[in-house]
Amino acid sequence: MKLRRVLAATGILLLLGLYIMTLICAIIQTPFTHRLFQASLYGTFVIPVILYAFMIAIKMSGKDRKEDNEDNSAADETVNE
């Protein structure tokens, strides 16, 4: 579960950074604002799709279940102490 959260947070940060850069360049009126806007539109659709594909691959590999079991056993040990 931890890896999925990291991927989700990474996607959010990438999109926010892209949107903020586009907004700043639009306010300043730089020559490449139009291209950055196109990149933002492209990233809005592509980044979530890629992250979703990674999450499916993690789920299929079973690595996610192993991490959940390790997290649960660590929590159980903490409760038992």
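Before reading on, note that the structure itself is shown above.
Residues numbered from 1 in each chain as written. Predicted model: local features only at pLDDT ≥ 70, side-chain atom pairs only at ≥ 80, totals over all residues. Heavy atoms only, no water.

All right, on to the overall build of the chain then. Within the chain, the secondary structure is distributed over 3 helices and 0 strands. Secondary structure elements of the chain occur, N-terminal to C-terminal, as α-α-α. For the chain, the residues scored as buried account for 21% of the 81 residues in total. Across the chain, contacts joining residues at least 24 apart in sequence account for 61% of those joining residues at least 6 apart. As displayed, the chain offers around 6500 Å² of accessible surface, 69% of which is attributable to carbon and sulfur atoms. (Helix = DSSP H or I, 4+ residues; strand = E, 2+ residues; numbered from the N terminus. Buried < 20%, exposed > 50% of the residue type's maximum accessible area, 1.4 Å probe, protein only. Contact = heavy atoms within 4.5 Å. Areas by Shrake-Rupley, 256 points an atom, 1.4 Å probe, with all protein chains shown as cover.)

Moving on: the side chain of S40. Tracing the sequence through the fold places S40 in helix α2 (residues 33–61). Judged by its relative accessible area of 5%, S40 is buried. Aside from chain neighbours lying at most four places away, what touches S40 is L18, Y19 and T22.

Between its first and last C-alpha atoms α2 spans 41 Å; for 29 residues at 1.5 Å apiece the expected length is 42 Å, and the two agree. The axis of α2 is deflected most strongly, by about 35°, at G43. Where α2 terminates, the next one or two residues include G62, which has phi positive at roughly 85°. (Expected span 1.5 Å × (residues − 1). Bend = angle between axes of the 7 residues up to and from the residue.)

Now for helix α1 (residues 2–28). What sets the pattern is the α-helix's 3.6 residues per turn: residues three or four places apart point alike. Taking 1.5 Å per residue, 27 residues should reach 39 Å; α1 reaches 39 Å between its end C-alpha atoms and fits that length. Those residues of α1 lying buried are L7, G11, L15, L18, T22 and C25. Looking one or two residues beyond α1, the residue adopting positive phi is Q29, at roughly 65°.

Fair warning: the whole summary comes from geometry, so function is off the table for now.
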